[in-house]
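Coordinate analysis (summary)
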Amino acid sequence: MGFRNDFLWGGAIAACQTEGAWNEEGKTLTFPDIVKKIKPEQRRNFGQAQIDEQALEAGKTGPVSDYPKRWGIDFYHTYKEDIALFAEMGFQVFRFSIALARVFPHLDDPQPNAKALAYYDAVIDECLRHHIEPLVTIVHFDPPIAVWEKYGGWCNPAMIDVYVRYAGVLLERYKDKVKYWVTFNEINMALKAPFKTLGMLSGEGLEYENRRWQGIHNQFVASARTVIRAKEINPAMMVGCMIADITTYPYSSDPRDVLANLKFDQKMNLGFLDVMVKGRYPYFLKNYFAQEGIQWTCSEQDAELLKQGTVDFVGFSYYMSIVTSYTTKDKQLTNGNMTGGLKNACLSSTEWGWQIDPVGLRITANQLYDRYEKPLFVLENGIGSVEVPGPDGQIHDAYRIAYLRDHLRQLKLAAEDGCEILGYTMWGPIDLISSQTSEMSKRYGFIYVDQDDEGQGSKQRIKKDSFAWMQRVIATNGEEL
Ligand code: BGP
């Protein structure tokens, strides 16, 4: 028993945190290109970057040096060397995203950008040359600014056609090369960072909630149409959804805490998966809309598309867990992956205050498999740390090995519990720019990148201790952990 024989081992990155080349070969400005880096003293109490009108204007004219995602780790030019390192580790799958702002820089361009497609052809061919299965995220947190300026964000149903046209180009082009697809990265983070997923500036009030949920609905429809299209093009393609799984426990056995926990889970996690996996809105979301007076439109045709376009696998990211209570009075708060919560006295935290909870991964896998009975794919998991090479020039990341070992042991137990798990792509196999804080110094990789928060450094790639450790894990299909 253990991991299935065809279990896929690998890593995951995103275009907007690695590629750099922010204005090369026709690419236009995106929301992540205008997220400023934070200062180290903000790490533990930093909620979530918000982009308002002012930040948008500043981003359009501000100095490039303020915005690290614009240079990333220069993957646009180093992909060959970097993929070769992944191959050396034994990767069987590599999850990366394609940038809409490269392929259709103005969204309504009459033709896709040939240079951008040639670049992604080369990345995919490089993976295949190394016998690595490419897993493509069609959109990963990088709406072009044009989504806001031309369409007012995803609340505009015209965005569905923009997306489906773009996805269609990719599906047609790579139908014989790419088997695994994810329609939207962490779609549920529209609740926390609407600029990242919906291309909408921050806002509040009922009218804003109407637009937010219309945007989310439009993405559900776009995803469903993409699944349907993929099956027409090549029925062997597997299309998955993805949420940031925010695992939560009740603060105590007080039934009010248990109820608050249930409601949080429904709204933050399950509602999104229910629509994409079961193909319909669950009663609790409908009830939430009614109670809050939130109004948006779902046509009969939309409902039919949602029903037909259900996903093939359930993708999720898992980094941490939180605790929920009916009251925050006298309770300590903690940070998390875009979603903070209450502190759990049983768990330790990373330098960014994310609570480390390996057993939570086993619990989550069981809960999701029980509810959906669809294969699971762990699309992100990892630990961000400040790291500086030692006097020997090496990075001895024993804490990363411990974090990954503990999580993988729990994932293996989940597989032994009977959960069907297709694979595991560790987040940030090579150091990259943090999504939330735009820091380079929040490092996740098996591979160190010699570059600081200002973008200075040789960009040399150095294997950390975890590199050889993961190589062994993959070689033994997780027997040696
Ligand atoms: C997820 C995102 C990734 C990634 C990761 C770690 O939410 O899908 O893009 O960055 O979190 O977050 P951070 O980079 O903020 O540490």
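A quick note: this is a predicted structure, and the numbers were derived from the prediction, not measured.

Attention now moves to the state of the cysteines. A complete count under the given rule lists 0 disulfides for this structure. This cysteine, cysteine 241, is not joined by any disulfide, and cysteine 419 carries the nearest cysteine sulfur, 16 Å off. Unpaired in this structure, cysteine 298 has its nearest cysteine sulfur neighbour in cysteine 155, at a distance of 16 Å.

Around the ligand sit 16 residues in total, of which Gln17, Glu186, Ser435, Lys442 and Tyr444 are the nearest. One of the side-chain N or O atoms of asparagine 185 is found 2.9 Å from an oxygen atom in the ligand. Separating an oxygen atom of the ligand from a side-chain N or O atom of lysine 442 is a distance of 2.7 Å. Burial of the ligand by the protein amounts to 99% of the accessible area it has alone, namely 370 Å². The residue inventory of the shell around the ligand, partitioned by class, reads 6 nonpolar, 7 polar and 3 charged.

A few words now on the side chain of aspartate 357. Mapped onto the fold, aspartate 357 is located in the loop between strand S10 (341–342) and helix H13 (358–372). No salt bridge is formed by the buried aspartate 357; its nearest oppositely charged neighbour, arginine 362, is found at 11 Å. Engagement of the side chain of aspartate 357 in a polar contact is seen with the backbone nitrogen of glycine 360, the distance being 3.0 Å. Beyond its immediate sequence surroundings of up to four residues, aspartate 357 is in contact with Tyr249, Tyr318, Ser321, Leu347 and His407.

On to the UniProt feature "active site" (unreviewed entry) in the chain. In the numbering adopted here, UniProt assigns the feature "active site" (unreviewed entry) to Glu380. Locating glutamate 380 in the fold gives a position in strand S11 (residues 376–380). Contact partners of glutamate 380, with chain neighbours within four places excluded, come to Arg95, His140, Asn185, Glu186, Met242, Phe316, Ser317, Tyr318, Tyr319, Thr425 and Trp427. Reaching out from glutamate 380, the side chain makes a polar contact with the side chain of arginine 95 at a distance of 3.0 Å.

Our focus in this paragraph is the environment of aspartate 176. Examined against the element boundaries, aspartate 176 turns out to sit in the loop between helix H7 (158–173) and strand S4 (180–184). On the basis of relative accessible area, aspartate 176 is assigned to the exposed category, the value being 69%. With 61 residues separating them along the chain, aspartate 176 and methionine 237 place their C-alpha atoms 8.9 Å apart.

Here we take up H13. In this model, H13 (15 residues) spans 22 Å end to end at C-alpha, consistent with the 21 Å of a helix rising 1.5 Å per residue. For H13, the set of buried residues is Pro358, Gly360, Leu361, Thr364, Ala365, Leu368 and Tyr372. Viewed along the axis of H13, the buried residues span an arc of 135 degrees, placing them on a single side of the element. Where H13 is buried, its residues contact strand S6 (247–250), helix H10 (255–278), strand S7 (313–317), S11 and helix H14 (398–417). With its phi angle positive at about 50 degrees, glutamate 373 sits one or two positions after the end of H13.

Put simply, helix H9 (residues 206–233) and H10 touch, their axes get as near as 10 Å, and they point 30 degrees apart. As summarised for this structure, H9 and H10 are arranged roughly parallel, according to the angle between their axes. With respect to the hand of their crossing, H9 and H10 are arranged in right-handed fashion. The residues of H10 that touch H9, namely those facing Trp213, Ile216, Phe220 and Ser223, are Phe272, Val275 and Met276. Split into classes, the residues belonging to the contact of H9 with H10 amount to 6 nonpolar, 1 polar and no charged.

Each value, and the rule that gives it
- Residues numbered from 1 in each chain as written.
- Predicted model: local features only at pLDDT ≥ 70, side-chain atom pairs only at ≥ 80, totals over all residues.
- Heavy atoms only, no water.
- Disulfide = S-S within 2.5 Å.
- Near = heavy atom within 4 Å.
- Polar contact = N/O pair within 3.5 Å; in protein donor to acceptor, adjacent residues only side chain to side chain.
- Areas by Shrake-Rupley, 256 points an atom, 1.4 Å probe, with all protein chains shown as cover.
- Nonpolar A, V, L, I, M, F, W, Y, C, P; charged D, E, K, R; others polar.
- Helix = DSSP H or I, 4+ residues; strand = E, 2+ residues; numbered from the N terminus.
- Buried < 20%, exposed > 50% of the residue type's maximum accessible area, 1.4 Å probe, protein only.
- Lys, Arg positive; Asp, Glu negative; His and termini not counted.
- Salt bridge = Lys/Arg side-chain N within 4 Å of Asp/Glu carboxyl O.
- Contact = heavy atoms within 4.5 Å.
- UniProt positions renumbered as here; feature names shortened; annotations may be inferred.
- Expected span 1.5 Å × (residues − 1).
- Arc of directions from axis to C-beta.
- Axes fitted to C-alpha atoms, helices over the stretch in contact; angles between N-to-C directions.
- Parallel < 35°, antiparallel > 145°, perpendicular 65-115°, else oblique.
- Left-handed = near helix turned anticlockwise from the far one by under 90°.

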